[in-house]
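Single-letter residue listing:
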Amino acid sequence: MVSLEQLREHQTVRTDPVPESQALVDVRQLSLWYGTKQALYDISVRFPKNQVTAIIGPSGCGKSTLLRSLNRMNDLVPGVRVKGEVLYEGVNIYDPRVDPVAVRRHIGMVFQKPNPFPKTIFENVAFGLRLMGVKGSELEDRVVEALKRAALWEEVKDRFKKESGLRLSGGQQQRLCIARAIAVEPPLLLMDEPTSALDPIATQAIEDLILELKERYTVVIVTHNMQQAARVSDRTLFMHLGVLVEEGPTEVIFTKPKHPYTEAYITGRFG
Ligand SMILES: Nc1ncnc2c1ncn2[C@@H]1O[C@H](COP(=O)(O)OP(=O)(O)OP(=O)(O)O)[C@@H](O)[C@H]1O
């Protein structure tokens, strides 16, 4: 096996790298520290438009940190320092002239635990649209559209104006959070283990939804579940100890990985 030092010095193994012209997000030599602890080491990777990219790797390898770097969510943690660039449609979101609040508003995020607001289903989805100044019948149409696209409409159409989002089941709440995220039509949707709190049926519904969403959006998903990564993603990133070890088409990562660490991880011989 490669030593930690070698791992941190080595180049990411890449298969069919994403051309610049197809990238919605282009991460360039990104390193990140929480105080004195370095969590990401010199990561360069492109996330292609209208595709699903999965980030996998052992616990603590930096999956969530990389995901949260894509919308500057990490800036909310005191003592975070970032080096490198994240180009989003060609603009470096870490440029001092860029407002992190605007970045977060522009990029949708769905968390591990569904986090609806204590408001009606309608108001949960309307929230971001209202901030954008959408009102009246257009607001209503866009809320309904988002609920339909999140595959929740049929289950809530009779009660969405009066019932609290908190009264839905866990799987429904997660689809509500997805509806809330996509209502404002963000080109990029980040998902941090979106099904880890859900049962198999709700998980299946979310996975089906992710496959549909990529027709309109670019999705990046962190998952612990390798079968899920294999089912929903076009490309997969394998991380270890803050390093991007290998990236490429999902099929290659799961059937013909090139790095011994990737192979050990996907065959369950890791650690
Ligand atoms: N807010 C924080 N302050 C300090 N260290 C942090 C913070 N968040 C994460 N870390 C550290 O950074 C490293 C990467 O964490 P991260 O949560 O990105 O990993 P992960 O691969 O998503 O893990 P898991 O699969 O367990 O969720 C870990 O060593 C973690 O302890």
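Residues numbered from 1 in each chain as written. Predicted model: local features only at pLDDT ≥ 70, side-chain atom pairs only at ≥ 80, totals over all residues. Heavy atoms only, no water.

- You'll find the protein entered in an unreviewed UniProt entry as Phosphate ABC transporter, ATPase subunit, with Thermus thermophilus given as the organism.

## Side note on the UniProt feature "domain: ABC transporter" (unreviewed entry) in the protein
For step 1, the next point in the chain: Per the UniProt annotation, the sites labelled "domain: ABC transporter" (unreviewed entry) are residues 25-266.
For step 2, the next point in the chain: Here residues 25-266 is 38% helix and 27% strand, with 26 Å between the C-alpha atoms at its ends. (UniProt positions renumbered as here; feature names shortened; annotations may be inferred. Helix = DSSP H or I, 4+ residues; strand = E, 2+ residues; numbered from the N terminus.)

## Regarding the pattern of salt bridges
For step 1, the next point in the chain: Counted according to the given criterion, the structure contains 18 salt bridges.
For step 2, the next point in the chain: Between Arg130 and Glu123 there is a salt bridge whose closest N-O contact spans 2.6 Å.
For step 3, the next point in the chain: The shortest N-O distance in the salt bridge between Glu140 and Lys161 comes to 3.0 Å. Of the two residues, Glu140 is situated in helix α5 (residues 136-149) and Lys161 in the loop between α6 (153-156) and α7 (170-183); the sequence distance between them amounts to 21 residues. (Salt bridge = Lys/Arg side-chain N within 4 Å of Asp/Glu carboxyl O.)

## Description of the sheet that holds strand β3 (residues 37-48)
For step 1, the next point in the chain: Sheet architecture is open: four strands sit in the order β3-β2-β5-β6, paired in antiparallel fashion. Here the strands that pair on one side only, and so sit at the sheet edges, are β3 and β6 (91-92).
For step 2, the next point in the chain: In this sheet, β6 lies alongside strand β5 (residues 80-88) in antiparallel orientation, the contact comprising two bridges. Directly across from Tyr88, in β6, lies its bridge partner Val91. (Pairing = 2+ DSSP bridges.)

## Considering the sheet that holds strand β10 (residues 235-240)
For step 1, the next point in the chain: What the seven strands build is an open sheet, ordered β1-β11-β10-β4-β9-β8-β7; its pairing is mixed. Two strands lie at the open edges of the sheet, namely β1 (13-14) and β7 (107-110), each paired on one side alone.
For step 2, the next point in the chain: Pairing of strand β4 (residues 52-56) with β10, which is carried by four bridges, proceeds in the parallel orientation. Directly across from Ile55, in β10, lies its bridge partner Leu237.

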